[in-house]
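Structural overview
This is what each chain is made of:
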Amino acid sequence: MPITIDLIQLVLVLLALAGVVFVIYLIVTLARLQQTLREANRLIAEARGPVSDTLKKLPALMDHVSEIGTNVEKLTTSINEDVPVMLKDVRQVTTSAREGVEAVSGAVSSIGGTVKDVSSSFRSHSGAASTIGTAVSVIGDILSVVQMFRPQKKTRSVLKRKKRR
């Protein structure tokens, strides 16, 4: 006995099977979507409190930021006014210090020359003043050592090189 299958019936059976598979796939997808939506609702409910607290604090925070910006502007203006004056004062102090060192250096060299002169005059005299001459000679030697440590005057070529930099 031969079995005959009508082509239309075969297509209908295949479409019915495809429909069943599609319905099962749709049910699984909708179940997963429902689970995802529950999780999203839970997360939104948990975040609702902190977000609303942050939004309530936001205007005060913006006021603080504005106040900080104003303070920074005032500080910048103050620094722009004060720094040049401070630099001028520092230049005056360093100039005064340099002049003081030069004056002390000149005084030391002058005293050293005087002591040497006195020492040489005592050396030229012999006799009872030889002890005093020896003391003055020692003082002269000490002042010579001190003169070795005083700063040397800079030449013009060194000053020109520094100005170029």
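Further up the page is the structure itself.
Nothing here was measured: the structure is a model prediction, and the numbers come from that model. (Residues numbered from 1 in each chain as written. Predicted model: local features only at pLDDT ≥ 70, side-chain atom pairs only at ≥ 80, totals over all residues. Heavy atoms only, no water.)

Before going further, it helps to examine the overall build of the chain. Helix and strand content of the chain: three helices and zero strands. Along the chain, helices and strands appear, N-terminal first, in the series α-α-α. Per-residue burial for the chain yields a buried fraction of 6% across its 165 residues. Surface exposure of the chain reaches about 14,500 Å², of which carbon and sulfur atoms provide 67%. (Helix = DSSP H or I, 4+ residues; strand = E, 2+ residues; numbered from the N terminus. Buried < 20%, exposed > 50% of the residue type's maximum accessible area, 1.4 Å probe, protein only. Areas by Shrake-Rupley, 256 points an atom, 1.4 Å probe, with all protein chains shown as cover.)

Here we take up a nonpolar patch on the surface. On the surface, Ile-3, Ile-5, Leu-7, Ile-8, Leu-10, Val-11, Leu-12, Val-13, Leu-14, Leu-15 and Leu-17 cluster together into a nonpolar patch covering about 1,200 Å² of accessible area. Examined against the element boundaries, Leu-14 turns out to sit in helix α1 (residues 7-124). The exposure class assigned to Leu-14 is exposed, which follows from its relative accessible area of 52%. (Patch = residues over 30% accessible without salt bridge, like charges linked within 9 Å, V, L, I, M, F, W, Y side chains within 5 Å. Salt bridge = Lys/Arg side-chain N within 4 Å of Asp/Glu carboxyl O.)

Take the pattern of salt bridges next. Under the definition given, this model contains three salt bridges. Across the pair Arg-42 and Glu-39 runs a salt bridge whose closest N-O atoms are separated by 2.3 Å. You can see Arg-42 and its partner Glu-39 sitting in helix α1, three residues apart, about one turn around the helix. Residue Arg-42 is classed as partly exposed on the basis of its relative accessible area, which comes to 39%.

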